Amino acid sequence: MRILTGNDLKSGAVTWWTGQDWSLYVEDAADVSGSEEEIARREEAARRVNAPYAIDAERHEGRPRPSHIKDRIRALGPTVRPDLTLKPTETDIGTWVI
Amino acid sequence: MYLYDQYDQQMVDARVEEFRDQARRRLDGKLTEDQFKPLRLMNGLYLQLHAYMLRVAIPYGTLNSRQMHALADIADKYDRGYGHFTTRQNIQYNWIKLEEAAELLADLAKVEMHAIQTSGNCIRNISSDHFAGAAADELVDPRPYAELLRQWSSFHPEFSYLPRKFKIAVIASDTDRAAMRLHDIGIQIVEQDGELGAAFYVGGGMGRTPMIAPCIKAFVPLDRLVTYSEAILRVYNRYGRRDNKYKARIKILVHEMGKDDFTQAVDDEFARMLDEGIEPPFAELERIRTFFEDPLFETDASEDIDRSDPDFALWVDRNTVAHKASGYVSAVISLKPVGGIPGDATSEQMRLMADLAKDYSFDELRVMHTQNIVLPHVRKADLHALWTALDEAGLGSPNLDTIEDIIACPGLDYCSLANARSIPVAQKISERFAANGKTEALGKLKLKISGCINACGHHHAGHIGILGVDKKGVENYQLLLGGSEAEDVSLAKITGPGFDEAGIVNAVETAADVYLREREKGERFLDTYRRIGMAPFKEALYG
Amino acid sequence: MDDLATENDRLIRYREDEAVDHAAVTVDSFLDQSSASAVRVEPGDDARELIPHLGRLALVEVNFPAFGDGRGYSSARLLREAGYEGELRAVGDVLVDQVAYMRRCGFDAFDPDAPLDADDLEAAFSRWPEVYQAAADSRTPIWTKRHA
């Protein structure tokens, strides 16, 4: 599947297109195959997202998981600072990233 | 250290207002991201892997305790309570909001700091010797010349859209502690027939095509320093390649033109510029020098150090450096705790370092390109009190210039350009050597890790270098040997096929063991490598 | 901007004289023929080739096909250094955040692809109270003022 990501213009936070809106959580991402450019153009023009681009992802336990390690680190946060990631209490999250 | 006058303050304040306006226009949709990007970059604001990142300039790595306190306050107010000291003697914050960035810059301006030209295709923050003004071996303090060039290069109307970024380093000692010859321009202040002048090295750099800068002019008089720099920049701005960003640095131009033709082009431009009134009045250099006069060192400071505590004695041996004034040393605060993140400091640690600088080092700190902090002027009599305070805060690691003192770029944990993570490799290597007890035996060994070929972690210049690459979506690490950023500058060579994360840690230990087996008396790792060559290392690694 | 003569709604001039009313020719054709008084300098052109002919030039357009290509700043400045006093016009992808530096390099007219907002333009030119370094304008650098 293809999922769309970008950054929130004001805060810079990594966001994912859910089909209706932008979420901080990659698990909410919708498959945008075929319409990625159109959505990206429209959302960027409306300044609801900054510098959007689509990436490859697979379904993992029913939820989107980016195919490349860079996008997984981007989705979660720095592996060397688990306290600053989106899931600071999930101790086995490293296996999801690596 | 240098203090702003009304002019400097006006310029920085104007820049804050300019950026405030630009950010507003971006948020209002009057600027596209393409148009805004070079503007935010020239104010140090990147869009990084997780968020906006701000790089704050620390000119020639020098700051006072008030400024370090401000950096700590910014970490708490605008970020997540920490900052990252970089190989450009700067500090980066990883989680900045665009809507707050102008306010942050205004806070910086209150303590005579800024983020001007810390990114973008312009002349970047100028780096220098972190022991400037303290080193026993320097000719003069190089920082007045760096400050003069800072003013010249700030908001330069002709050189703000160069083919690529442009980095300048200034030193004034035969010992090179600033990787001078790996800069676009490296300047060494030298003496000739009793006169001071500048030797210009042009076209060095790391990145994907590492090159060592050749000397294009052995002596430029100090009253031509700015004009000669301007001539170099104009030749570069006009003729540097713009068709390929990977060939756009001045090193490629110097290489393709050849050193002699390049030098001739600069000399021709210089001759034309001589009557253009570019050079500042010499009185300006003399004014700047007054800010860098020696603090009032005690003339009878004691040379004695009570070494009865072995942990303290080890720290003194490893982390203090000879000072030009008797009874003083420069003390290095390691930001490389075993298993830690190289160069990161919490706001609490920053405040402690600031307070210790005030108490023990004439209110001055330096950022090293090796991502540590220097207190440049410490009385030997104060060392024990200083060490005790540092040790309690986890800042007392006795590992300067050892294999645990690793340079590492932020890598894939933070950087959108990276191909592999750097920090976890650094953590595992420092843990390995702290556990196996070989750090002491290995002595001076510079280990440098980059997470991609842009080489922010200086892997080309490591006695041992590590380069992270992406091998079909999996992190992979190449090992390099034989680099140096110092006066014995050389570029490291790749040993062979890369390793996975566990494999690279083992490979570093294997290379270290070859050295321990082969070394002759007095040799550093680098010396042994240069004597015996790559073959024995390859044999041990891949044989 | 009452004092600005305009021939199209984007052209901004900071000169008193009449704007040249014929099209600029390329550097190559300018050097080949002697009648033109307006020339357009592209980023890859060597503006120094014009120096022997400055006396018959009334307009030099310096083209910025992309705002990030800064060669035109040097072209402008070296023409001013060589004594050129005619109109020096920045054309192409010229953005409001660049015009202050362009003026410092000797440009006195702008013909941007996209019109510039009048308020933003005013702000850009009044932004900098001082300048650090000498350039092609007449502004006195800070370091000269410090020791005046």
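A brief structural summary. Remember, predicted model here, so these are calculated numbers, not experimental data. All chains use their own residue numbering, which begins from 1 and follows the written sequence. Ligands are numbered from 1 and chains lettered from A, in the order in which they are written. In keeping with the model being predicted, local features are shown solely for residues with a pLDDT of at least 70 and side-chain atom pairs are shown and tallied solely at 80 or more, while totals for entire chains, interfaces and linings include all residues.

1. Digging into the overall build of chain A
No. 1: Think of it this way: any DSSP run of H or I at least four residues long counts as a helix, any run of E at least two long counts as a strand, and we number them from the N terminus. Of regular secondary structure, chain A possesses three helices and five strands.
No. 2: When the helices and strands of chain A are placed in sequence order, the string is β-β-β-α-β-β-α-α.
No. 3: Our radius of gyration looks at C-alpha atoms and nothing else; its globule reference is 2.2 Å times the residue count to the power 0.38. Computed over the C-alpha atoms, the radius of gyration of chain A is 13 Å, within 12% of the 13 Å expected from 2.2 N^0.38 for a compact globule of 98 residues.
No. 4: Dimensions of chain A, computed from the C-alpha atoms along their principal axes, are close to 40 × 30 × 20 Å.
No. 5: Of all 98 residues assigned to chain A, the portion counted as buried reaches 32%. Burial in this document is a count-based property: other C-beta atoms within 10 Å of a residue's C-beta are tallied, and the residue is buried at 20 or more, exposed at 12 or fewer, or partly exposed in between, with C-beta positions derived from the backbone.

2. So, the interface of chain B and chain A
No. 1: The partner chain A presents 20 residues to the 22 residues of chain B that form the contact.
No. 2: For the side of chain B that touches chain A, the elements supplying multiple residues, two or more each, are helix H4 (98–110) and helix H13 (423–436) of chain B.
No. 3: Under the scheme applied, nonpolar residues are Ala, Val, Leu, Ile, Met, Phe, Trp, Tyr, Cys and Pro; charged residues are Asp, Glu, Lys and Arg; polar residues are all the others, including Gly. Counted by class, the side of chain B that touches chain A contains twelve nonpolar, three polar and seven charged residues. In this description, any two residues whose backbone-derived C-beta atoms lie within 7 Å of each other are considered to be in contact.

3. A short note on the interface of chain C and chain B
No. 1: At the interface, 27 residues of chain C touch 32 residues of chain B.
No. 2: Tallying contributions element by element places helix H2 (residues 71–81) of chain C first for the side of chain C that touches chain B, with five residues.
No. 3: Residues belonging to the side of chain C that touches chain B are distributed by class as follows: twelve nonpolar, six polar and nine charged.

4. Some points on the environment of Gln188 of chain B
Residues and elements named next belong to chain B.
No. 1: Among the secondary structure elements, Gln188 is positioned in strand S8 (residues 185–192).
No. 2: According to the C-beta neighbour criterion, Gln188 is buried, with 24 such atoms within 10 Å.
No. 3: As a C-alpha pair, Gln188 and Ala135 span 53 residues in sequence and 15 Å in three-dimensional space.
No. 4: Those residues in contact with Gln188 that sit more than four places away from it in its chain are Ile171, Ala172, Met180 and Ala199.

5. Section: the packing of helix H6 (residues 225–239) of chain B against helix H8 (residues 259–273) of chain B
Residue and element names in this part refer to chain B.
No. 1: The geometry of H6 relative to H8 is characterised by a closest axis approach of 8 Å and an angle of 125° between their N-to-C directions. Between H6 and H8, the angle is such that the two are oblique. Judged by the sense of rotation from one axis to the other, the crossing of H6 with H8 is right-handed. In this structure, H6 uses Thr227, Tyr228, Glu230, Ala231, Ile232, Arg234 and Val235 to contact H8, whose residues at the interface are Ala265, Val266, Glu269, Phe270 and Met273.
No. 2: Each residue belonging to the contact of H6 with H8 can be placed in one class, and the counts come to eight nonpolar, one polar and three charged. Geometry is summarised by axes, namely lines fitted to C-alpha atoms with helices restricted to the contacting stretch, and by angles between N-to-C directions that run from 0 to 180 degrees. Working definition: roughly parallel below 35 degrees, roughly antiparallel above 145 degrees, roughly perpendicular at 65 to 115 degrees, and oblique for all remaining angles. Crossing handedness follows the turn of the near helix against the far one: under a right angle anticlockwise gives a left-handed crossing, and clockwise gives a right-handed one.

6. A short note on the sheet that holds strand S1 (residues 2–7) of chain A
Residue and element names in this part refer to chain A.
No. 1: Strand pairing requires that DSSP identify at least two bridges connecting the strands. Judged by pairing direction, the sheet is antiparallel, and its five strands sit side by side in the order S3-S2-S1-S4-S5 without closing on themselves. A single partner strand is all that each edge strand has here, and the edge strands are strand S3 (22–23) and strand S5 (63–66).
No. 2: Strand direction decides the pairing type here: S1 and strand S4 (residues 50–60), joined by five bridges, are antiparallel. Bridge assignment links Asn7 to a residue of S4, and that residue is Asn50.
No. 3: Of the strands in this sheet, strand S2 (14–17), S4 and S5 touch helix H2 (residues 69–76), which is tilted by about 120° from S5.

7. Comments concerning the sheet that holds strand S16 (residues 407–408) of chain B
All names here are of chain B.
No. 1: In space, the five strands of this open sheet follow the order S16-S17-S18-S19-S20, with mixed pairing throughout. Every interior strand has two partners, whereas the edge strands, S16 and strand S20 (493–494), have only one.
No. 2: Two strands pair when backbone bridges link them, and strand S17 (residues 447–450) and strand S18 (residues 464–471) are joined in this way by four bridges, in the parallel orientation. Counterpart to Leu447 in the pairing with S18 is Ile464.
No. 3: Contacting S16, S17, S18 and strand S19 (474–481), H13 crosses the sheet at an angle of about 155° to S17.

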